[in-house]
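# What the coordinates show
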Amino acid sequence: MVSPADPREKRPVNDTIEPVRALIEEDMRAVDAIIRKSLWSDVVLIRQVAEYIIAGGGKRLRPAVLVLAARALSYQGTVHRDLAAIVEFIHTATLLHDDVVDESALRRGRSTSNAEFGNAASVLVGDFLYSRAFQMMVSIDNMRVLQVLAEATNVIAEGEVLQLLNVHNADVTVDAYLEVIRRKTAKLFEAAGRLGAIIAGADHAVEAAFTNYGMHLGTAFQLSDDVLDYSGDERETGKNVGDDLREGKPTLPLIYVMQHGSQSDADLVRKAITSGGRDDLPAVLKAVRTCGALEYTRQQARDAALLA
């Protein structure tokens, strides 16, 4: 597997993903068609928000993991495409709810759905996506699939609540933060890998391997995202630098500064997490860059990628 791109490099991120996407291009076009068809509703506002979400694009990484897993195991059916769409619905529903909770205004380089349509519409359309996903799960008529997706959805919700409990908490440990990542982000990658193996009829050992692959890949993805929040180009990442700090989220770069930085830098970061906001962002950026926090987090991402 290719390690996550170093955010300091000036090449497009797609340099590392396009050869992989080319392997499943036909499948992913079919997944997009299923997504569009399944998002239709006779309720106008649902259609408006859904079309806005689709127009915003997205990397479709979780569906891609599921399709790649199934194809790697020589699966020849089409159920993997429906499952990939379901996984994307669950992911998108979490994004809609997250943006409301975080009061985010920018995602993928444009206004979030809650900024465009309001919090109530975003929450309710997120609920619609969850319920539509479960309608599609039932139609697949596979109890193991239902078990995996129901459990994943529940664990993700727990992860979101854990993250909420950690907001403005400067005493969060590395282990506690990694647990949030495993539940909130890595769990759906994990489910995607497992589902690809399940529908391909893989044995227990192979299924476990694809499950662990997804979990480690999701962890690497989130850690890389943590780095980008303090080092990325807003034009490339599509979100505001320092959003995690504004929301009072103690991510790994900040935890590292508090544990290994100078006393003054640790005090600065602790204050910034506790109070939230971006007033201290320039000083925090300097702290995470000078004490090695970003390189440490990058290395943790690389290690997780190697485990995958």
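Shown above is the structure to which this text applies.
These lines cover the structure that appears in this document, whether it is placed above or below. Owing to the predicted nature of the structure, the values given are computational and were not obtained by experimental measurement.

## Quick word on the pattern of salt bridges
In this structure the tally under the stated criterion is 20 salt bridges. Linking Asp-27 and Arg-81 is a salt bridge whose minimum nitrogen-to-oxygen distance equals 2.8 Å. A residue pair is termed long-range when its members are at least 10 positions apart, and Asp-27 in helix H2 (residues 25-38) and Arg-81 in helix H5 (residues 79-102) qualify at 54 residues. In this structure, Asp-27 and Arg-81 share a single accessibility class: buried.

## As for the nonpolar core
Here is a general trend for soluble globular proteins: nonpolar side chains tend to be buried in one another's company. Ranked by internal contacts, the top residues of the largest apolar core, which has 48 residues, are Leu-39, Leu-83, Ile-86, Ile-90, Leu-149 and Leu-195. Those elements giving two or more residues to this core turn out to be H2, helix H3 (44-55), helix H4 (61-72), H5, helix H7 (119-140), helix H8 (143-166) and helix H9 (174-199). Ranked by residue count, the leading element in this core is H5, at 9 residues. When residues no more than four places from it in sequence are discounted, the contact partners of Leu-83 are Leu-66, Ile-140, Val-145, Leu-149, Leu-195 and Ile-199.

## Quick notes on the packing of aromatic side chains
According to the stated counting rule, one finds 3 aromatic pairs in the structure shown. Relative to Phe-117, the ring of Tyr-52 has its centre 5.4 Å away and its plane inclined at 85°; by these criteria the two rings are edge-to-face. One end of the pair, Tyr-52, is in helix H3; the other, Phe-117, is in helix H6 (residues 113-117), and 65 residues separate them in sequence. The ring of Phe-221 has Arg-62 lying over it, and the distance from NZ or CZ to the ring centre is 5.4 Å.

## Let's talk about the layout of surface pockets
Where empty space is left can be seen by rolling a probe of water-molecule size over the atoms. The volume enclosed by the second largest pocket comes to roughly 240 Å³. Lining the second largest pocket we find 15 residues, and of these Val-101, Asp-102, Gln-163, Leu-164 and Val-167 sit closest to its centre. Only H5 and H8 provide two or more residues apiece to the lining of the second largest pocket. The class makeup of the residues in the lining of the second largest pocket is 4 nonpolar, 3 polar and 8 charged.

Criteria and cut-off values
- Residues numbered from 1 in each chain as written.
- Predicted model: local features only at pLDDT ≥ 70, side-chain atom pairs only at ≥ 80, totals over all residues.
- Heavy atoms only, no water.
- Salt bridge = Lys/Arg side-chain N within 4 Å of Asp/Glu carboxyl O.
- Helix = DSSP H or I, 4+ residues; strand = E, 2+ residues; numbered from the N terminus.
- Buried < 20%, exposed > 50% of the residue type's maximum accessible area, 1.4 Å probe, protein only.
- Core = buried A, V, L, I, M, F, W, Y, C linked by side-chain atoms within 4.5 Å.
- Contact = heavy atoms within 4.5 Å.
- Phe/Tyr/Trp six-rings, centres within 6.5 Å; stacked < 30°, edge-to-face > 60°.
- Lys NZ or Arg CZ within 6 Å of the ring centre and 35° of its normal.
- 1 Å grid on protein atoms, 1.4 Å probe; cavity = no way out; pocket = protein on both sides within 12 Å on 5 of 7 lines; lining within 4 Å.
- Points joined across faces, edges and corners; volume = space filled by probe spheres on them.
- Nonpolar A, V, L, I, M, F, W, Y, C, P; charged D, E, K, R; others polar.

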